[in-house]
Every structure is written in structure tokens, then in C-alpha cells.
Amino acid sequence: MRLTKPTLFTNIPVTCEEKDLPGDLFNQLMRDDPSTVNGAEILMLGEMLTLPQNFGNIFLGETFSSYISVHNDSNQVVKDILVKVLKPLDVKTKFYNAESDLNSVTDEVFLEAQIQNITTSPMFMEKVSLEPSIMYNVAELNSVNQAGECVTTFGSRAYLQPMDTRQYLYCLKPKKEFAEKAGIIKGVTVIGKLDIVWKTNLGERGRLQTSQLQRMAPGYGDVRLSLEAIPDTVNLEEPFHITCKITNCSSERTMDLVLEMCNTSSIHWCGISGRQLGKLHPSSSLCLALTLLSSVQGLQSVSGLRLTDTFLKRTYEYDDIAQVCVVSSAVKVES
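Residues numbered from 1 in each chain as written. Predicted model: local features only at pLDDT ≥ 70, side-chain atom pairs only at ≥ 80, totals over all residues. Heavy atoms only, no water.

Brief notes about the sheet that holds strand β22 (residues 285-294)
Stage number 1. With antiparallel pairing, four strands are arranged side by side in an open sheet as β16-β18-β22-β20. Two strands close off the open sheet at either side, each with one partner strand: β16 (223-229) and β20 (267-270). When the angles between neighbouring strand axes are averaged without regard to direction, this sheet yields 40°.
Stage number 2. Where β16 and strand β18 (residues 240-248) come together, six bridges link them in antiparallel fashion. Of the residues in β18, the one forming a bridge with alanine 229 is threonine 243. (Pairing = 2+ DSSP bridges. Helix = DSSP H or I, 4+ residues; strand = E, 2+ residues; numbered from the N terminus. Axes fitted to C-alpha atoms, helices over the stretch in contact; angles between N-to-C directions.)

Brief notes about the nonpolar core
Stage number 1. Ranked by internal contacts, the top residues of the largest apolar core, which has 29 residues, are Ile242, Ile246, Leu259, Trp269, Leu290, Leu305 and Leu307.
Stage number 2. Apart from the residues lying within four places of it in its own chain, the contact partners of isoleucine 242 are Leu227, Ala229, Ile230, Pro231, Trp269, Leu288, Ala289, Leu290 and Leu292. (Core = buried A, V, L, I, M, F, W, Y, C linked by side-chain atoms within 4.5 Å. Buried < 20%, exposed > 50% of the residue type's maximum accessible area, 1.4 Å probe, protein only. Contact = heavy atoms within 4.5 Å.)

Here's the deal with the sheet that holds strand β23 (residues 298-302)
Stage number 1. Within the open sheet, the three strands sit side by side as β17-β26-β23. Their pairing is mixed. Both edges of this open sheet fall to β17 (233-235) and β23, since each of them pairs with a single strand only. When the angles between neighbouring strand axes are averaged without regard to direction, this sheet yields 40°.
Stage number 2. Summarising the sheet, β23 and strand β26 (residues 322-327) pair through five bridges and their orientation is antiparallel. What sits directly across from serine 301, in β26, is glutamine 323.

Next up, the structure:
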């Protein structure tokens, strides 16, 4: 028998109108029933407690005490007897990379944790936090500031119904001492682990910690090109300016770069293609101001930049760098 908290006894009230044939018989029987609440006999919950009639379910992360007695009534030897603690939650994670800086190691990482209650009863989510690894600082994005007070985005009730899913969002940023060292946060990095605490039924607490979450840092090769500035909206067939930043991601090799600008069906570059950018030392970067125009309206993708390292005769292609909304500059107003 499971040594756990008992549950309130429930009964099925049976009543009728006084003018009916039984009269006050049913009501009197409920008043005499010791399991009912005095003055509220028609309630299903009573004042008495009942012990569990079966072992019930114990979920992963919950603390419990029990005494298990196993008796073999057969004439065969039973082997490999085990207890199997059930999975209460289904946890899925997604990573999103935000290029807040052109050096890849200083980019922010957004973690979305989807938590689903796969038990048959609701649970109260007491705490869902992310414990970051030594390389990151974390900020929780699951609350808003209203009139100087921090309010959760899930409302005043933190209950998670059976089979319901809730999304939690966190922002991680590399610490300064790690971000300044190029290449230290490359490849597979440990982000941290989720710590989840919940309560079920009569306040039984459960706790679950995930294994260390790992994130594959985006690969940029030896040279990375990204945007520092670009307008959201531009006029059709009118030049506009963007600012690019080129970073030598190698920690050992100096590059001698040549920039080529290739037109597409909608994007046309202005300026000289094939110009020398000079030498770019390891882990260093340079900014470029470029001019282009679009000959097609709508949401257009900025593509067609090529960087060639003359030392290795290797060309790096950059397409779909960003998107810009192109609108007509001539607006006709009809009276």
C-alpha cells in the first residue's frame, strides 16, 4: 500500500422534492450518513478521509514512500522484478539565433521550451527556470512589467491541464570573458538545463531536471558577412545604402579579400565589382558601405555578394542576406 496522503471520501447524493413519494426519506438518510458534511449533505465531498485502494501512479520527479509486498502464487521462478516511475511531462526545446552583433560568439540565443502535461490530472506549475552553463547569462521572458509590478504572461492561474502545452522563453547571452575570445563558443556548446517544479492533487510536489541542453552554433566558415544597417522600406528604382561587416573567423590565417557584386533579376548593385578589400587579419573585421537599387516591387531578397580569398583562391557566396520592402515612389491620389 502506498504510504501517501488519503483522499476525501466522495458519495453520490440522492435527493427528491418533499412532495414526491419518498418525501423527506432521502434527505434524512443523507443527514444520518456520517460521511456527509453537516448542513451541506448534498455535496459530493465529505468530511471523512479514505485510504487509497490501489497503488496509483508515481511520476518521475515526485517523492514518495511505499511498502511493496510481492507474493509469487505460481510454481515458476519470477525474475527481473522492477518498478517503472511514469513520465509526467513531455519537454521539447528549440533554439533561435539572433545576430545582435556581427561576431558570432556574441550573438544572443533564444531558447523556447515546450512543456506538455501528459498525466491525467491538472498540475500547478510552481517553477520553470533555466540554469545556464558557465559561459552564458540568462534572462527569463515569461513576465511583463505592468505598473511597476512583474506579472506572468500565463495569467493568475498557473495550472496546466492534462495534455495541455505551455511555451517558456529564455534569452541567453555569452559572458564577456567568453565572447571576447573568438572561436571559444563554436560547434556544439552546452547551454544549461531546465529545472521544473510542480504540484499535483493534494499538494504533492514533483521536480524534474533535464539533462544538459546542447546547441549547435551556426557555422559561418572562415569568413562571415552580415548586415549592420539596412532600411526597412525603399523606393522603386531609387538607390539605397546598406552597411556590411566582414569578419575573419579564422584564428590563425590572414586573408586577402576581393569583393564581387552580382546583379539578380530584381537587385542591382551600384559601384565597382571586383575591388580589393585588402588584408584582413585573424579575428578582425571591417565595415563596408554599399549602394544598390531594386527594379521590382514587393519584398525583395538582397543577394549576389561574393568574397574571394586570393591566398587560397577560395570564393564565398552570400545570398539571401536580408530582405527589403520595395514600394513605388509615385503615389497617385484620385479626387
